Amino acid sequence: MVASVIITFPLAWLVGRTDMPGKKTYRTLLVASYMIPPYVGAIAWVQLLNPSVGYLNSIFKWILQLQQSPFDIYTMGGLAWVLTLFYSPFAFITISRAMEKMDPTLEEAARVSGASPLRTLVDVTLPLMAPSILAGGLLVFIAAGSCFGIPAIVGMPGNIEVMTTRIVTYIYMGNDEGIRDATALAASLMFLANFLLFFMTWMLGRKDYTTISGKSTRPNIVELGKWKWPAFCGVGLYAFIAVILPLGSILLTSLLKSMSRGVTWSNIGFDAWEPVITSSQYMESIWNSVVYGVIAATIGTILSVFIAYLAVKTKVKGRSFPDLLTVIGGSTPSIVIALALVITFSGNFGLNLYSSMWILVVSYLVKYMTMSVRTIAASLSQVHVSLEEAALNSGASWIRTCKDIIMPLIAPSIIAGWFLIFMPSFYELTMSAGYLDEGYVDKIAVFDMFFRRVPDGGGYAVMAGLQQFIDAVDHLKFTGEDIDYLRSTKAFDEKFLTYLANFKLHCNIWAIEEGMPIFPQEPIVTVEGPAIECQLLETLLLVTFNHQCLIATKANRIVRSAAGRPVMEFGARRAQGYDAAYFGARASYI
């Protein structure tokens, strides 16, 4: 939170209030990282700074002739780095939009009195922007504190636990104790977020931060002089590191034909793009994401305007309660919200939204409305009450006053609030996964198989077991005898048994070649296809590769330790069945 505000305030000032070249381009670039799903951004930085095979680490080792990688993403610093880069746009959008509508009178007075641009920034602009700065910081804290994707991808491989990963771990325990512990942790996170909200309200209540009155509200542009091009280069460097570099990593990886062959011209192509472009199911999922995101953002923004106005511009008793509810929702991890909404709207309490689009829309509103409310409320706190009073005294109704006076003045913040709801609603994954139903038989799923650590502290493992898996997939079917047995268990209905009797695999499978070195946290097999088929292949994958990769890796270490001396394999003495003995010996040979 602190790092994000420290970074984004000068960026917002340079982009919105100075004559720095390329401001429009930089404004787009600086919010582009917000358009990237956090888990995708985490994957990008893992690809860049993985201590074993990261792109940047490999480049630095080659240039500097280093024996070890200079960076390790699986550390507390790496986790803080990724969280800061991908949630800083929250603060940037909030601060920059408010800065655009700031009254320049006080800044002009400071300059006339002989203050330098820097002194004016520190003594005048910074204090007046306190509501937006605090609102942006609170948004970053809520988003980062309730984030699961980045800590799971970057933190957990390094044994770094945060509240959200612990909450999900408790939920997946599946018992009453796990649910109780998960809700207790979620409640503590909500209490912490609300404490920050109360602190922010107390801080802002001590002073008047009105910066938009009946006078001109077009801020003056500060001339940077000789600092114009250094500022341009500095902002460009940040944009390159925060946006272009991770986007480039994702794009490059998507073009690789084989993950095991490295980055070469012969290994680059559009093979992985073809299923996305040609599949109607992919296009349908994108369209659904856009529609649901637009609906959630529109409804959420309308509600946010009323909630923010109620909290900032009225004296109604309990006016802060709706604002408090939005903060509670925003500070709750997505998996907890999904679980709560499934329980609440599954028909047990008279309202059944389960398996409908509306439960997704409601979940997005619960999770992301606080971002819009905080942004709009910060802008409203800068609009002087005299403008409303003038309109009302002139005979305008309250609705006419809002339409002609308030809404135009806070329009940038309303647009920013809509954007802050739409983008996470568009790419949210965790909550959507909580609403899977039997209707997802034809829905496309993709999953990767990887391992977390090399056994016995080694530097790499060896790929083995692919041939057995291919043979099993080629002959995967359910015979009449299989169907009869499953029917005798009385655990499956006829619809499912009919599906199994006519089962035919439609999955696409990518895998690293046998005998190639494989590394932790890197996919060794990727399966794409209907969700139910992927589920059937998952156990087969684990049983096949876990055993043979382990045998091949241990055999590799023994042979290297033998340094050319003969080595014999005696695994068959303890193998369970002739096939296990055969495949174990085969893995050792590989």
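Since the structure is predicted, the reported quantities are computational estimates derived from the model, not experimental observations.

## Concerning empty space enclosed by the protein
At step 1: Under the counting rule described, the total for this entry stands at two cavities of 30 Å³ or more.
At step 2: If you go around the second largest cavity, the residues you meet are T8, L11, L30, S33, L85, S88, P89, F92, Y238, A242 and V243.
At step 3: For the lining of the second largest cavity, the secondary-structure elements that each account for two or more residues are α1 (2–17), α5 (76–100) and α12 (228–255).
At step 4: No other element matches the four residues that α5 contributes to the lining of the second largest cavity.
At step 5: Taken together, the residues of the lining of the second largest cavity break down into eight nonpolar, three polar and no charged.

## Section: the packing of aromatic side chains
At step 1: What the rule picks out here adds up to five aromatic pairs.
At step 2: Ring centres of Y26 and F232 lie 5.4 Å apart, and the angle between their planes is 45°; on these two criteria the pair is classed as tilted. Taken together, the residues span a long stretch of sequence, with Y26 in helix α2 (residues 23–32) and F232 in helix α12 at a distance of 206 residues.
At step 3: Here F232 falls in the partly exposed class, since its relative accessible area comes to 26%.

## Notes on the packing of helix α6 (residues 105–112) against helix α7 (residues 117–128)
The description of two helices packed together rests on the angle between their axes and the distance between the axes.
At step 1: Closest axis-to-axis distance for the α6/α7 pair is 10 Å, and the angle between their directions is 150°. Classed by the angle they form, the pair α6 and α7 counts as roughly antiparallel. As α6 packs across α7, the resulting crossing turns out to be right-handed. Along the contact surface, α6 presents L106, E107, A110 and R111, while α7 presents P117, T120, V124, T125 and L128.
At step 2: Residue classes in the contact of α6 with α7 are distributed as five nonpolar, two polar and two charged.

## A word on unusual backbone geometry
At step 1: The phi angle at Q65 is positive, at roughly 55°, despite the residue not being glycine.
At step 2: Looking at where Q65 falls in the secondary structure, it is placed in the loop between α4 (55–64) and α5.
At step 3: Since its relative accessible area comes to 62%, Q65 is described here as exposed.

## Description of the pattern of salt bridges
Any two side chains of opposite charge can pair, on the condition that their charged atoms come close.
At step 1: Throughout the structure, instances matching the rule amount to four salt bridges.
At step 2: A salt bridge links D19 to K228, with the shortest nitrogen-to-oxygen separation between them at 3.8 Å. Of the two residues, D19 sits in the loop between α1 and α2 while K228 sits in helix α12, which places them 209 residues apart along the sequence.
At step 3: Since its relative accessible area comes to 25%, D19 is described here as partly exposed.

## Examining the confidence of the model for the chain
At step 1: Taken over all residues, the pLDDT of the chain has a mean of 77, while the share at 70 or more is 82%.
At step 2: Summarising per-element confidence for the chain, the mean pLDDT is lowest in helix α21 (residues 430–433) (44) and highest in strand β2 (residues 461–462) (88).
At step 3: Considering only residues more than four positions removed or in separate chains, one finds that residues 208–214, a stretch of pLDDT under 50, has 28 contacts.
At step 4: In the predicted structure, residues 429–440 sits below a pLDDT of 50 and forms 26 contacts with residues beyond four places in sequence or in another chain.

## Looking at the packing of α2 against α12
At step 1: For the pair α2 and α12, interaxial distance at closest approach is 9 Å and the crossing angle is 30°. Taken together, the axes of α2 and α12 lie roughly parallel to each other. With respect to the hand of their crossing, α2 and α12 are arranged in left-handed fashion. Along its contact with α2, which presents Y26, L29, L30 and A32, the element α12 presents F232, V235, G236, Y238, A239 and V243.
At step 2: Split by residue class, the contact of α2 with α12 holds nine nonpolar, one polar and no charged.

## Notes on the nonpolar core
At step 1: Membership of the largest hydrophobic core comes to 69 residues, with the highest contact counts inside it found for W45 and I150.
At step 2: In terms of residue count, α5 provides more of this core than any other element does, twelve residues in total.
At step 3: Counting residues in hydrophobic clusters, the runner-up holds 19 residues, among them F451, V473, C507 and I512.

## Section: a nonpolar patch on the surface
At step 1: Taken together, the side chains of I59, F60, W62, I63, L64, L66 and F71 present a nonpolar region at the surface, about 710 Å² in accessible area.
At step 2: As for its placement among the helices and strands, I63 is situated in helix α4.
At step 3: You can call I63 exposed: its relative accessible area is 52%.

What counts and what doesn't
- Residues numbered from 1 in each chain as written.
- Predicted model: local features only at pLDDT ≥ 70, side-chain atom pairs only at ≥ 80, totals over all residues.
- Heavy atoms only, no water.
- 1 Å grid on protein atoms, 1.4 Å probe; cavity = no way out; pocket = protein on both sides within 12 Å on 5 of 7 lines; lining within 4 Å.
- Points joined across faces, edges and corners; volume = space filled by probe spheres on them.
- Helix = DSSP H or I, 4+ residues; strand = E, 2+ residues; numbered from the N terminus.
- Nonpolar A, V, L, I, M, F, W, Y, C, P; charged D, E, K, R; others polar.
- Phe/Tyr/Trp six-rings, centres within 6.5 Å; stacked < 30°, edge-to-face > 60°.
- Buried < 20%, exposed > 50% of the residue type's maximum accessible area, 1.4 Å probe, protein only.
- Axes fitted to C-alpha atoms, helices over the stretch in contact; angles between N-to-C directions.
- Parallel < 35°, antiparallel > 145°, perpendicular 65-115°, else oblique.
- Left-handed = near helix turned anticlockwise from the far one by under 90°.
- Contact = heavy atoms within 4.5 Å.
- Salt bridge = Lys/Arg side-chain N within 4 Å of Asp/Glu carboxyl O.
- pLDDT = per-residue confidence, 0-100.
- Core = buried A, V, L, I, M, F, W, Y, C linked by side-chain atoms within 4.5 Å.
- Patch = residues over 30% accessible without salt bridge, like charges linked within 9 Å, V, L, I, M, F, W, Y side chains within 5 Å.
- Areas by Shrake-Rupley, 256 points an atom, 1.4 Å probe, with all protein chains shown as cover.

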